[in-house]
Amino acid sequence: MQGSPVSRVEVVEQILDLARWAPSGDNAQPWRFEIIDGSRFVIHGRDTRDHCIYDLDGRSSQLALGALIETAAIAASRFGLDLQARRRPDGDAARPTFDVELRPVPGLVADALWRFIPERSVQRRPLSRRALSGAQHEALQAAVGPAYELVCFEGAQRWSWAQLLWANAGLRLRLPEAFETHRSVIEWGARFSRTRLPDQALGVDGLTLVVMHTAMADWRRIRFMNHWLGGTLMPRLLMDLVPALACAAHIALIAREPVASVDDHVASGRAVQRFWLQATRLGLQHQPAATPLVFARYLREGRHFTADTQELRLAQTLAARLDGLLGGRSDQTVWLGRIGLGPAAESRSVRRPLSELLM
């Protein structure tokens, strides 16, 4: 950290300009930055529990904040800096705040993953079914570290996961409580979006997009189409079933110790980001599958997320199936998704510019 105070602050800005590419649920970007000086900044988190059915306990945002911190740490290594982040213990649980300090480390080698930070994205379209090599699996396991086990479900196991994700998608698309979340996060007619999900990244054809856009104008219209016209069938087929079968493997990231606190989830988010960046480095594409874990956790913790008793019973059935697929370790599983070789997504979420994220 040599040079004038201005140049040191510019280094912090460059670190944050890379860190802002961290993934977050529905591209929510639940963070703002406050630069104190050339070696310190503050991350002001804010979860989405007040309007997102998939973040009612703030855990999804905590994972995203962990991914942000890890991305910043990787970016800092490029400048020979070690990053230490500490959460303020007395803060609002919905607005976790982290004090971050940068320290020069002579001889520190830049983390090779930094080059892949802006390149990493979600690929929702079909991928190659070619199995992961032993070297690829070893590299992914090394990326997440010894505190997590990376489990791959390949071959015939893909069908079991496809069935689960097909049924879970039906639950997700029929829940009235999820309607406003879904309607608010899609940017229609877009290839890229700075604050939401562009519709062209959803992995469906143009006709299905038109039908979805028309239906999502009103919950009554959605309910009618779901009940009488099989409205969930094409979205589930194209966004869930086909991709679930067209991949190398489904993956689960399982913590070796219980995951309960805010700091546990932040640490898990850091591991998730290292996995995802390593996958990108290996030429692999990835699509998360978060909602089965989210609903299963709500049920374990007795959190009310729907008034529809029929869908609640289905959620309970799916949670049991998920736990069976995970060998009884769904409570320690912090991430699910699919992976495989394939081209990068042509349409994706981008990010707010740094100027909009600085306080």
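Predicted model only: the values in this text are computed from it and were never measured.

(A) Up close: the overall build of the protein chain. From N to C terminus, the protein chain includes 12 helices and 12 strands. Against the globule reference of 21 Å for 359 residues, the protein chain gives a C-alpha radius of gyration of 20 Å, in line with a compact fold. On the principal axes, the C-alpha backbone points of the protein chain span a range of 70 × 45 × 40 Å. Expressed as a percentage of the 359 residues in the protein chain, the buried residues total 53%. Within the protein chain, counting contacts between residues at least 6 apart in sequence, those at least 24 apart form 78% of the total. On the protein chain, the mean spot of the 44 positive side-chain charges and the mean spot of the 38 negative ones are 4 Å from each other.

(B) A look at helix 4 (residues 157-174). Counted at 1.5 Å a residue, the expected span for helix 4 with its 18 residues is 26 Å, and the 26 Å between its end C-alpha atoms agrees. Along helix 4, the residues classified as buried are Arg158, Trp161, Ala162, Leu164, Leu165, Ala167, Asn168, Ala169, Gly170, Leu171, Arg172 and Leu173.

(C) The arrangement of the nonpolar core in detail. The biggest cluster of nonpolar side chains holds 37 residues, and the ones touching the most others in it are Trp31, Ile43 and Leu83. Secondary-structure elements contributing two or more residues to this core are helix 1 (5-19), strand 1 (31-37), strand 2 (40-45), helix 2 (59-77), strand 3 (81-87), strand 4 (97-104), helix 9 (262-281) and helix 12 (354-357). When near neighbours in sequence (up to four residues on either side) are disregarded, Trp31 contacts Arg20, Ala22, Pro23, Ser24, Ile43, His44, Gly45, Arg46, Ala64, Leu65, Leu68 and Leu357. In this structure, Tyr54, Ala167, Ala244 and Leu322 belong to the second largest nonpolar core, which totals 30 residues.

(D) Local environment of the environment of Arg120. Locating Arg120 in the fold gives a position in the loop between strand 4 and helix 3 (134-144). Engagement of the side chain of Arg120 in a polar contact is seen with the backbone oxygen of Trp21, the distance being 3.2 Å.

(E) How the structure looks around the packing of helix 10 (residues 291-300) against helix 11 (residues 309-325). Look at helix 10 against helix 11: their axes get within 9 Å of each other, and the N-to-C directions meet at 110 degrees. Here helix 10 lies roughly perpendicular to helix 11, going by the angle between them. For the pair helix 10 and helix 11, contact is made by Pro292, Leu293, Ala296 and Leu299 and by Leu312, Ala315, Gln316, Ala319 and Leu322, respectively. Of the residues belonging to the contact of helix 10 with helix 11, the class tally is eight nonpolar, one polar and no charged.

(F) Structural detail: the side chain of Gln141. When you line up the elements, Gln141 lands in helix 3. Within polar-contact distance, the side chain of Gln141 engages the backbone oxygen of Tyr148 at 2.8 Å. Only 2.9 Å separates the side chain of Gln141 from the backbone nitrogen of Leu150, close enough to count as a polar contact. If we skip the residues at most four places from it in the chain, Gln141 touches Tyr148, Glu149, Leu150 and Arg256.

(G) Examining the sheet that holds strand 2 more closely. Strand order across the open sheet formed by four strands is 1-2-4-3, with antiparallel pairing between neighbours. On the outer flanks of this sheet lie strand 1 and strand 3, each paired with one strand and no other. Within the sheet, the average angular offset between the axes of one strand and its neighbour, ignoring direction, is 20 degrees. With six bridges joining them, strand 1 and strand 2 adopt antiparallel strand pairing. Looking across to strand 2, one finds that Trp31 is bridged to Gly45.

(H) Highlighting the packing of aromatic side chains. By the definition in use, this model includes seven aromatic pairs. We note Arg120 situated over the ring of Trp276; from NZ or CZ to the ring centre the distance is 4.4 Å. Over the ring of Trp166 we find Arg236; its NZ or CZ atom is 3.9 Å from the centre of that ring.

(I) A look at the environment of Trp166. Along the chain, Trp166 turns up in helix 4. Through-space distance from the C-alpha of Trp166 to that of Leu241 is 5.5 Å; in sequence the pair is 75 residues apart. Excluding residues that lie within four positions of it along the chain, Trp166 makes contacts with Leu233, Arg236, Leu237 and Leu241.

(J) Region of the structure containing a nonpolar patch on the surface. A surface patch of nonpolar side chains, amounting to about 400 Å² of accessible area, comprises Phe224, Trp228 and Leu229. Among the secondary structure elements, Leu229 is positioned in the loop between helix 7 (219-228) and helix 8 (233-245). Here Leu229 falls in the exposed class, since its relative accessible area comes to 55%.

(K) A look at the sheet that holds strand 11 (residues 333-341). Read from one edge of the open sheet, four strands run 5-9-11-10, paired in antiparallel fashion. Each having just a single partner strand, strand 5 (148-153) and strand 10 (284-288) make up the two edges of the open sheet. Taking the axes of each pair of neighbouring strands and ignoring which way they run, one obtains an average angle of 30 degrees across the sheet. Pairing of strand 5 with strand 9 (residues 249-255), which is carried by six bridges, proceeds in the antiparallel orientation. Bridge pairing in strand 9 links Phe153 to His250. In the packing of helix 4 onto the sheet, the strands contacted are strand 5, strand 9 and strand 11, and the crossing angle to strand 5 comes to about 100 degrees.

Parameters at a glance
Note on numbering: residues in each chain are counted from 1, in written sequence order. Reporting of local features is limited, given that this is a predicted model, to residues whose pLDDT is at least 70; pairs of side-chain atoms are given and counted only at 80 or more, and all residues count toward the totals for whole chains, interfaces and linings. Each side-chain value is derived from all of the structure's non-hydrogen atoms; neither hydrogens nor water enter the calculation. Secondary structure elements are taken from DSSP: a helix is a run of H or I of four residues or more, a strand is a run of E of two residues or more, and numbering for both begins at the N terminus. We compute the radius of gyration over the C-alpha atoms and compare it with the globule rule, which gives 2.2 Å times the number of residues raised to the power 0.38. Any residue under 20% of the maximum accessible area for its type is buried, any over 50% is exposed, and the rest in between are partly exposed; the area is computed with a 1.4 Å probe on protein chains only. Contacts between residues were defined by any pair of non-hydrogen atoms, one from each residue, lying within 4.5 Å. Here Asp and Glu are counted as negative and Lys and Arg as positive; His is not counted, and neither are the chain ends. Charge positions come from single atoms, namely NZ of Lys, CZ of Arg, CG of Asp or CD of Glu. Expected span of a helix, by definition, is 1.5 Å for each gap between consecutive residues, and there is one gap fewer than residues. Grouping buried Ala, Val, Leu, Ile, Met, Phe, Trp, Tyr and Cys residues that are joined through side-chain atoms within 4.5 Å yields what is termed a nonpolar core. In protein, a polar contact requires one atom able to donate a hydrogen and another able to accept it; more generally it is a pair of N or O atoms within 3.5 Å, and residues adjacent in sequence count only if both atoms are side-chain atoms. Axes here mean lines fitted to C-alpha atoms, for a helix over just the part in contact, with angles spanning 0 to 180 degrees between N-to-C directions. Angle categories: roughly parallel below 35 degrees, roughly antiparallel above 145, roughly perpendicular from 65 to 115, and oblique for all the rest. Classes in brief: Ala, Val, Leu, Ile, Met, Phe, Trp, Tyr, Cys and Pro nonpolar; Asp, Glu, Lys and Arg charged; the others, Gly included, polar. Here, any two strands with at least 2 DSSP bridges between them count as paired. A pair of Phe, Tyr and Trp rings is counted when the ring centres sit within 6.5 Å of each other, with Trp represented by its six-membered ring. The angle between the planes then sorts it: under 30 degrees is stacked, over 60 is edge-to-face, the rest tilted. Two thresholds decide whether a charge sits over a ring: the Lys NZ or Arg CZ must be within 6 Å of the ring centre and within 35 degrees of the ring normal. What makes a patch is a set of residues exposed beyond 30% relative accessible area and free of salt bridges, joined within 9 Å when like-charged and within 5 Å when nonpolar (Val, Leu, Ile, Met, Phe, Trp, Tyr). Only the protein chains shown count as cover for residues, with accessible areas throughout obtained via the Shrake-Rupley method and a probe of 1.4 Å. A pair is scored as a salt bridge if a Lys or Arg side-chain nitrogen falls within 4 Å of a carboxyl oxygen belonging to Asp or Glu.

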